[in-house]
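# Summary of the model geometry
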Amino acid sequence: MTIAQGDTLPDVKLIKATQEGNEPVQTGEYFKGKKVALFSVPGAFTPTCSAKHLPGFVEKAAELKAKGIDEIVCTAVNDPFVMKAWGAASGSADVTMLADGNGDFVKALGLTMDGSGFGLGQRGQRFSLVINDGVVETVNVEAPGEFKVSAADYMLEQL
């Protein structure tokens, strides 16, 4: 079953990639008490993710926060070291990188994809969520190969 508007975010462990090291976080606690713009990509350093998806949220961070977003989070089925490096190379302090190394988060959301044909293995689909105090307010899942509804601009229109 795919996560839907009004659902409580599943409680799984992710790893927050910080300058001080890797910090385990439980989604149930982490997303409590704040409004979060979360976007997920099939893989760090991949073409669309690096050229459009992450840069869009970096560029629109101030606008998202002006519309009530407390934190912007990027997830991917990558290890925390890759997420940290990608954040350092392409991100900003405005985007929190959370690694879903085992794919537990996307499995719990029902948003996995099989990228084996491209040498990627099991990954997460490209999507975005608005989460308010642990409850999903908005779900935007891309069709395969698309980049429209999970973009920062699209999310801004919804807020």
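An account of the accompanying structure is given in this report. Here the structure is a predicted model, which means the values were calculated and not measured.

## As for the side chain of T27
- Structurally, the position occupied by T27 is in helix α1 (residues 27–30).
- The exposure class assigned to T27 is buried, which follows from its relative accessible area of 2%.
- A polar side-chain atom of T27 sits 2.9 Å from the main-chain amide nitrogen of V12.
- The residues touching T27, leaving out its near neighbours within four places in the chain, are L9, P10, D11, V12, L14 and F105.

## Let's talk about the packing of aromatic side chains
- Counted according to the given criterion, the structure contains three aromatic pairs.
- Aromatic pair Y30 and F31: ring centres 5.4 Å apart, planes at 80°, arrangement edge-to-face. No difference in accessibility class separates Y30 from F31, as the two residues are buried.
- Relative to W86, the ring of F45 lies with its centre 6.4 Å away and its plane at 50°, an arrangement referred to as tilted. Of the two residues, F45 sits in the loop between β3 (35–41) and α2 (47–59) while W86 sits in helix α4 (residues 80–90), which places them 41 residues apart along the sequence.
- The partly exposed category is assigned to F45, whose relative accessible area is 46%.

## A closer look at the sheet that holds strand β5 (residues 95–99)
- Across the sheet, seven strands lie side by side as β2-β1-β5-β4-β3-β8-β9; this open sheet has mixed pairing. The open sheet has two free edges, formed respectively by β2 (21–26) and β9 (135–141), since each of these has just one partner strand. Geometrically, the sheet is characterised by an average inter-axis angle of 30° between neighbouring strands, direction not taken into account.
- Strand direction decides the pairing type here: β3 and strand β4 (residues 71–76), joined by six bridges, are parallel. Within the sheet, the bridge partner assigned to V36 lies in β4 and is E71.
- Where α2 meets the sheet, its contacts fall on β3, β4, β5 and β8 (127–132), and the angle it forms with β3 comes to roughly 175°.
- Contacts from α4 reach β1 (13–18), β2, β3, β4 and β5, with the element oriented near 160° to β5.

Cut-offs and rules
- Residues numbered from 1 in each chain as written.
- Predicted model: local features only at pLDDT ≥ 70, side-chain atom pairs only at ≥ 80, totals over all residues.
- Heavy atoms only, no water.
- Helix = DSSP H or I, 4+ residues; strand = E, 2+ residues; numbered from the N terminus.
- Buried < 20%, exposed > 50% of the residue type's maximum accessible area, 1.4 Å probe, protein only.
- Polar contact = N/O pair within 3.5 Å; in protein donor to acceptor, adjacent residues only side chain to side chain.
- Contact = heavy atoms within 4.5 Å.
- Phe/Tyr/Trp six-rings, centres within 6.5 Å; stacked < 30°, edge-to-face > 60°.
- Pairing = 2+ DSSP bridges.
- Axes fitted to C-alpha atoms, helices over the stretch in contact; angles between N-to-C directions.

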